[in-house]
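Inside the fold
Next come the chains, spelled out residue by residue.
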Amino acid sequence: MPDRFREFAAEIAPYLPPAFGAFIGLRWAQNQTPVQKLTGFAGGFGLAVYCGPAIAEFFALGPKSTIAVGVLTAVLGMDILGGLMAAAKAFGLNPLDSFKGWIGAWFNRGGQS
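Here we summarise the structure given alongside this text. (Residues numbered from 1 in each chain as written. Predicted model: local features only at pLDDT ≥ 70, side-chain atom pairs only at ≥ 80, totals over all residues. Heavy atoms only, no water.)

This paragraph deals with the packing of helix 2 (residues 16-25) against helix 3 (residues 34-58). The description of two packed helices rests on the angle between their axes and on the distance between the axes. Between helix 2 and helix 3, the shortest axis-to-axis distance is 8 Å and the interhelical angle comes to 145°. Once helix 2 is placed against helix 3, the crossing between them reads as right-handed. Side by side, helix 2 and helix 3 meet where P18, A19, A22 and F23 of the first sit next to F41, F45, A48 and V49 of the second. In the contact of helix 2 with helix 3, the residues fall into 8 nonpolar, no polar and no charged. (Axes fitted to C-alpha atoms, helices over the stretch in contact; angles between N-to-C directions. Helix = DSSP H or I, 4+ residues; strand = E, 2+ residues; numbered from the N terminus. Left-handed = near helix turned anticlockwise from the far one by under 90°. Contact = heavy atoms within 4.5 Å. Nonpolar A, V, L, I, M, F, W, Y, C, P; charged D, E, K, R; others polar.)

Within the secondary structure, S98 sits in helix 5 (residues 95-107). Within polar-contact distance, the side chain of S98 engages the backbone oxygen of N94 at 3.0 Å. Setting aside residues up to four positions removed in sequence, S98 forms contacts with A90 and F91. (Polar contact = N/O pair within 3.5 Å; in protein donor to acceptor, adjacent residues only side chain to side chain.)

Turning to unusual backbone geometry, a few remarks are in order. Within the chain, A60 stands out as a residue other than glycine whose phi angle is a positive 55°. Following the sequence through the fold, A60 ends up in the loop between helix 3 and helix 4 (63-93). By relative accessible area, A60 is classed as exposed at 68%. (Buried < 20%, exposed > 50% of the residue type's maximum accessible area, 1.4 Å probe, protein only.)

In structure tokens form, the structure reads like this:
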């Protein structure tokens, strides 16, 4: 029985930091529906599982830094997905004003004429 537990723990260990990072990201997902929170959690977790080790390998980081990259990637992934969902919702409610706001944000440079 202890061997099975060790095998299970070894198999699940790489997924714990991304799950923890996505869980931390839920803290700032206050104005979202449960489905949006679940989508953000799954997206942030998936992004961290997929991109976290690649980022760590690219920068030749050690094991502790790889864990930190996994956590931060999950948190940032949830933020990115939350922003995309908010933008999609705003575009769905009023496409013309959303488009004008996006154009103004890109080309107006923070309200300067």
